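# Close look at the chain arrangement
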Amino acid sequence: MNAIVIGLLIVVAIAVCVGAYAWLSPERKTVEEPEPPPNEPWKPDTAWTAQAGDEFATLSEAARCDLVFAVADLHDERADGLLVHALDDPSEPVALAAAHVLERRGAADRVRAHVKRHPGARAERIEETLSLLQ
Amino acid sequence: MRTLTDVFAPGTPTLPEGLRTLVVSPERELEPGMTVRATFTFRNQGGAPATGVRVRFNLPEGLVYLVGSGKLDEEPLDDEQGSSPLLARAGAQIGDVAPGEERRIDIAYSVAGAIENGSTVELQAAVAAFELAPVGSNVVRLVAHSRPALENALTNVAIETRHGASGGAAPGGEANVTVRVHNAGESSAHDVVVVAPIPEHTSYVPNSARVNGREFERELLASFDRVHAPIVAPSLPASATVTLQYRVRVDDPLPDGTAIVARAQIASQETAAFVIDAASLTVRAQADFEDDRTSVTVEPEYDVTPGSHIVVRAVAFNAGTTTAENVSITLVFPDHVMPVRGSFRIDGQPLRERKKESLTFDLGAIGAREGVEFVAEGAVLSPIADGTSLPVRAKLNWAPEGERNFECSAVVRSQPRFSTRHNRIVRVGGSAVQPSDECEATIHLSNDGSAPATDARLHLTLDPALDEVRVFDKTVRLQMDRDEVDLGKIDPYTSRRLTVRARVRTPYANRSDIRLGGSMHAREAGEVVLGEANWRVESHPAFSSETSQLQLVQDDVFRPNQLVEVHVRLRNEGTDIANNVRLRLYVSPEARLESVEGATRERSALLFGEIRPGGSVEAKLGIRLLRSLAKAYPVTIESVLTADAMLPVQLMRLTIVTTAEPNFSVGTLHSEPADVADAGDEVEFVLHVRNGGDGPARRVKISIDSLDELIYVPNSTTVNELPVRDIGAQSPLTSEQGIMLSDVDPGVEATIAWREVVHNGLSSGETLMRTARISYDGERLDEIAAPELKVRCSPVFANAIAGLPFGLDGMLGPAFAGGQRALPDVNDRFVQLPPATPVARGETAVTSVLSLGSSGNGHAGDDADSPVVETVAVFDRERLERTLKFLSEARFGGLTSHMFALRAFFPDEAGSSNESALEEVRGALRETLDRLFIKLRLPNYVIAPRDLENSGTRAGIVALLNSLQPGGPALSSGATILRGACDAGELRALAARLEDAPLATALPWAALARLLPSESDAEANYRRMLITSLDDLAGVDETAFIDALQRRPYPVLDAALNVVCAQISTRA
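Model, not experiment: these values are computed from the prediction.

## Side note on the overall build of chain A
Helices and strands together make up the secondary structure of chain A, namely six helices and zero strands. The linear arrangement of helices and strands in chain A, starting from the amino end, is α-α-α-α-α-α. Evaluated residue by residue, chain A yields a buried proportion of 21% over its 134 residues.

Right, here's the structure in full:
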């Protein structure tokens, strides 16, 4: 009797432990992925160069392209931010340069995210041109 | 129990001294400005901690807290609003003090600037806690030491008038004497004594002494000037000032410059007597001529006539306080006033006459309240304008340095005057004038008065016979307003001579009188009558050949029987009416007067009746030319004009130019047959000529040319059917003299005929042209041409002449010399070109480029002797599609497209080793060209040298070229494999050249082009052409290379690349 009771108690204790483990296990928690921001129409950003310095606030199209390629050699978060902002440059070649540099830096996902968030003919052209440069 | 707040309250006693730990420095005495430091130390000698401990210091009068000096255990205590919490009513909280713990409080004071000598300052501190009542420290007493300081800059004496000290004092005026005593010390001065004697040359104004504004004599119980060394202030605190002030009257008179000196001495109980710097005031005394008693006047002041005298009276009265020395008066007369010699008097006494009179007169010394009268006269000069003000200026000078200017004036009354003796009209020249003659008169104007005559106007009384009236002032023509002339202003004593010219009106009756009157009016002088000038008119009619004449209506050359129209114009240029005007005509016998309009004809005379002066008459004559006139004798008309009371006038002869000439221009020449004649036929020519002119021809020559195509028929020439003798075998028409006709009158006709035979050697269809020439009067030549005559022939076969039993060569004539050309076949519609010249196949680069045939060029594998580096590029389907699409997108023109071909076909493997160098160059190439690919999408982008190459890229290419080893790479697998081969030695040589080649030039690209695939003919062809193109550019600079990249067209190279792409896509 005692042995049975003891055995039952052990079984109950194991069951309680398993239940508690299951209840408290982190796997139980549902992983809530952050929702991507909703798509929105692309708006040109002409002020992104100012982030590199006030003296870069007004640059020509070709000069902005050069700035993008110059930033390509800088490996820090600030440079990444600058390049991401350059994706919104009103000049499509400048945005393409930024996308190209980001891809070469291993940040192709940011380019893809930008393209997905701002779908349209411009984004398609940039994506297609990037694929040509693979 | 007193709280800490209550202690040190004003009026409360000090706390019992519970702690004797307050240490003050200094210990005994203090002086103004000194710093007093206090240190208070206490210890918790109990067994329990003291909580809420507060410490407070008192702030005695005379001490000021030294900001920032409060400290607790050497640590500064924060001040609050400039004061230490140690001095606050609740004291400074310093927290808890444990048993046995000692705290130290420091504070510093500054002694105030003014503190009475001997005053005592008590310092005490107190400490309290929650558990303990306030405990006082020992009381430290300090004694102040200070003294007054009366001798300083603010202690002074001053003397001044109401206008200040700088203006000086006037005799008899008042001055204030002020003695200020200032205590600049730290303590009060007691019994301050001032010794201020009344200054010399002044007297004290009774009861004027004030101390700090209050009456002082009441305290003195005596007059101030009689008390020596009065006490002005029993106590004068530090920084205080006492002022003693009294008034004095300056003695009168006093010499100018006298100094009034105020002196004073100061003393007190604490201060020994001392003298302060004296103050002085200078007396100013002067002579005075400024009041109304000194004057300069002119008599009379109005209506002063030119030539009269004015009297200048000057009175100089010294109203000042001292004698004026060297008084003189200077007169300044205006230009129109001349001083009268000998008229100067002082106090009624004439001055001595001097030849060179100066207008400065010495009046001597004038004592105070004394005066002098000076009189002078001046003559007013003429001329002078009416109303002119004559300012007379006078200047009174005296010593020392005194002067006064005067100005008075007199007003002139002046008038112009025009006397009849000098103002009149005078005729110039004789009295007899003719109409249209010019009359001239002179007007003399002379202003004898002393003032100008203004607004002068000349009024002329003009006779109706006068015209074109003009008025001249010398040579200047004056503007006339109707009959008036504005003369403006006539200055006094000036004359004007005006000339009046007028023309006698024409016509005008004979024996008429002409008058020219005048008067002048001026504003000041009124009207002045100038008289008049007279003339008498003499007038007659007159004609001249210049204005009276005969004239052709149409200026032309006239022919016989023509009616010539002639205008007759007569004009009376005289000044009187012409009566019974008659024009007698004398016409040449070759013409006759046929008609007259506008006049009465009386045989050969024309009657015009009466013609007024200046009037004209016209008549038109018709003159008929007779047929008998000749060219050499022109028709003339002469005329004589007569009228009453005038001499006959012969008019200019009128010559009518005539002409009469022959004319043979109209005639006919025809042949028989008229249009066509067979070879060998006889043709008769008939020439009809006629003198169609209006004059006879003296000599007429008719001739024709001798033609080879026509043979003259002898004896066939006739003139009006009369045979004419031939000259030899030729017609006289063809001779040099031709046929000569003489005296051919107008309308006479002549018919000349002759015959000729058509030459049988002529070809059919030939045209015969026969022209006759008619020359006459030696200068005129007319030609008459016959209609064209065509020759007609028939074909004849040789040896087949009818009637001849033999063949006859040579008679066929030139018509058979050449046959007609055969007409081309109707079907031959196009001209057949000669065959094209064969072109060598190797001479056309285009065909070779476009040919896919094997050329073998550029494939190094063909050269078996050289070490070969083989290249391989492997393309799977996806890469191939992407590459072809990339190449299609990268068509930017020029050589740029082919640089992207280098990227596209860059080998994956080359030679037998060194993949890293190949990979490095591939990466650099891709990065460079990808960026360029992006930049070229910018509109109008111009490639920059940095877009092409940098030193790193160059080094990588050199390393690759040096590292490529001969051999073939391992066989790769893929959908499409592009193989190439290049000479290793050539690559080494290119690498060596690249060491020295400048950046951004064509050489590295030429080297990379060698790595292109060349397996197929198209690939080899493209590779070879690209290498050639880049090698050609290897020597140019970066600018020329970029120009070739972007601007120079390479159509053949583009086509070759297209072929390669097409072939590769096919292979895939």
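## Observations concerning the overall build of chain B
In terms of helices and strands, chain B carries eleven helices and 71 strands. Within chain B, the proportion of its 1068 residues that are buried is 33%. Of all intrachain contacts in chain B linking residues separated by at least 6 positions in sequence, the fraction that spans at least 24 positions is 77%.

## A word on the sheet that holds strand β45 (residues 526-537) of chain B
A sheet is described by the order of its strands in space; here six strands give the open sequence β36-β45-β44-β38-β42-β41 (chain B), paired in mixed fashion. Two strands close off the open sheet at either side, each with one partner strand: β36 (432-433) and β41 (480-481) of chain B.

## Description of the interface of chain A and chain B
Counting residues at the interface gives twelve residues for chain A, matched by twelve residues for chain B. Only α2 (61-71), α4 (92-104) and α6 (121-132) of chain A provide two or more residues apiece to the side of chain A that touches chain B. Tallied by class, the residues present in the side of chain A that touches chain B amount to eight nonpolar, three polar and one charged.

## Focus: unusual backbone geometry
Residue and element names in this part refer to chain B. Between Glu-299 and Pro-300 the backbone carries a cis peptide bond, its omega angle lying at -10°. Relative to the elements of secondary structure, Pro-300 occurs in the loop between β25 (295-299) and β26 (309-317). With an omega dihedral of 5°, the bond running from Ser-382 to Pro-383 counts as a cis peptide bond. As for its position among the elements, Pro-383 is in the loop between β32 (371-380) and β33 (389-399). The phi dihedral of Phe-8 falls on the positive side, at around 60°, and the residue is not glycine. A count of 24 C-beta atoms within 10 Å places Phe-8 in the buried class. The phi dihedral of Asn-720 falls on the positive side, at around 45°, and the residue is not glycine. Structurally, Asn-720 is set in the loop between β61 (718-719) and β62 (722-723). Of the residues examined, Asn-720 has 10 C-beta atoms within 10 Å and is grouped as exposed.

## Comments concerning the environment of B:Val485
All names here are of chain B. Within the secondary structure, Val-485 is located in strand β42 (residues 484-490). It is 5.5 Å that separates the C-alpha atoms of Val-485 and Arg-457, two residues lying 28 residues apart in sequence. Residues in contact with Val-485, not counting those within four places in the same chain, are Arg-457, Leu-458, Val-471, Leu-478 and Met-480.

## Here's the deal with helix α9 (residues 1017-1032) of chain B
Residue and element names in this part refer to chain B. Here α9 spans 22 Å end to end across 16 residues, near enough to the 22 Å set by a 1.5 Å rise per residue. With twelve of 16 residues buried, α9 lies mostly within the body of the structure. By the burial criterion, the buried members of α9 are Ala-1018, Glu-1019, Ala-1020, Asn-1021, Tyr-1022, Arg-1023, Arg-1024, Met-1025, Leu-1026, Ile-1027, Ser-1029 and Leu-1030.

## What to know about the sheet that holds strand β49 (residues 591-597) of chain B
Residue and element names in this part refer to chain B. If you trace the four strands from one edge of the open sheet to the other, you get β46-β47-β52-β49, paired in antiparallel fashion. With one partner strand each, in any of the chains shown, β46 (549-552) and β49 form the two edges of the open sheet. Going from strand to strand, the sheet's axes swing by 30° on average, the running direction of each strand aside. Bridge analysis of β46 against strand β47 (residues 563-571) gives four bridges, and the strand direction is antiparallel. Looking at the pairing, Gln-551 lines up with His-567 of β47.

## Digging into the environment of B:Glu594
Residues and elements named next belong to chain B. As for its position among the elements, Glu-594 is in strand β49. A tally of 11 C-beta atoms within 10 Å means that Glu-594 is categorised as exposed. With 29 residues separating them in the primary sequence, Glu-594 and Ile-623 have C-alpha atoms 5.5 Å apart.

## Section: the nonpolar core
Among the nonpolar cores identified, the biggest contains 87 residues, and A:Val68, A:Ala86, A:Ala98 and A:Ala99 are the most heavily contacted of them. When residues no more than four places from it in sequence are discounted, the contact partners of A:Ala98 are A:Val68, A:Leu83, A:Ala86, A:Leu87 and A:Asp89. One finds B:Ala50, B:Ile107, B:Ala126 and B:Ala144 within the second-largest nonpolar core, a separate group that totals 35 residues.

## Description of the pairing of β32(B)
Both faces of the sheet carry side chains from a regular strand, because those side chains alternate between them. All names here are of chain B. Sheet topology note: the β26/β32 ladder contains nine bridges and is antiparallel. Its bridge partner lying in β32, Ile-310 is registered against Gly-378. Bridge count for strand β28 (residues 337-339) against β32 is three bridges, and the pairing is antiparallel. In the strand pairing of β32, Met-338 is matched with Ala-379. Of the pairings in the sheet, the one linking strand β29 (residues 345-346) to β32 comprises two bridges and is antiparallel in character.

## Describing the confidence of the model for chain B
Regions with low pLDDT carry predicted coordinates that are not meant to be interpreted in detail. Residue and element names in this part refer to chain B. Per-residue confidence for chain B gives a mean pLDDT of 84, with 91% of residues at or over 70. Across residues 796-802, where pLDDT falls below 50, the model places seven contacts with residues more than four positions away in sequence or in other chains. Across residues 811-865 the pLDDT falls below 50, and counting only partners more than four positions away or on other chains, this stretch makes 47 contacts in the model. What the predictor reports for the complex is a pTM of 0.33 with an ipTM of 0.74.

## Section: the environment of B:Ala184
Residues and elements named next belong to chain B. Take Ala-184: it is sitting in the loop between β16 (174-182) and β17 (189-195). On the basis of neighbour counts, which here come to 16 C-beta atoms within 10 Å, the residue Ala-184 falls in the partly exposed class. Taking the C-alpha atoms as reference, Ala-184 lies 9.1 Å from Pro-237; in sequence the two are 53 residues apart. Setting aside residues no more than four positions away along its own chain, Ala-184 makes contact with Ala-149, Asn-152 and Leu-154.

## Observations regarding the packing of helix α4 (residues 896-904) of chain B against helix α11 (residues 1051-1067) of chain B
Residues and elements named next belong to chain B. Relative orientation of the contacting elements α4 and α11 amounts to 30°, with a least axis distance of 10 Å. As the angle between them shows, α4 and α11 are arranged roughly parallel. Handedness of the crossing formed by α4 with α11: left-handed. Here Ser-897, His-898 and Ala-901 of α4 come into contact with α11, specifically with Leu-1053, Asp-1054 and Leu-1057.

## A word on the packing of α2(A) against α4(A)
Residue and element names in this part refer to chain A. At a minimum axis distance of 9 Å, the contact between α2 and α4 shows a crossing angle of 5°. Taken together, α2 and α4 sit at an angle that is classed as roughly parallel. Only Pro-93, Val-94, Ala-97, Ala-98 and Val-101 of α4 make contact with α2, whose side of the interface consists of Glu-61, Arg-64, Cys-65, Val-68 and Phe-69. Tallied by class, residues from the contact of α2 with α4 come to eight nonpolar, no polar and two charged.

What counts as what
- Residues numbered from 1 in each chain as written.
- Chains lettered and ligands numbered in written order.
- Predicted model: local features only at pLDDT ≥ 70, side-chain atom pairs only at ≥ 80, totals over all residues.
- Helix = DSSP H or I, 4+ residues; strand = E, 2+ residues; numbered from the N terminus.
- Buried ≥ 20, exposed ≤ 12 C-beta atoms within 10 Å, placed from the backbone.
- Contact = placed C-beta atoms within 7 Å.
- Pairing = 2+ DSSP bridges.
- Nonpolar A, V, L, I, M, F, W, Y, C, P; charged D, E, K, R; others polar.
- Expected span 1.5 Å × (residues − 1).
- Axes fitted to C-alpha atoms, helices over the stretch in contact; angles between N-to-C directions.
- Core = buried A, V, L, I, M, F, W, Y, C linked by C-beta atoms within 7 Å.
- pLDDT = per-residue confidence, 0-100.
- Parallel < 35°, antiparallel > 145°, perpendicular 65-115°, else oblique.
- Left-handed = near helix turned anticlockwise from the far one by under 90°.

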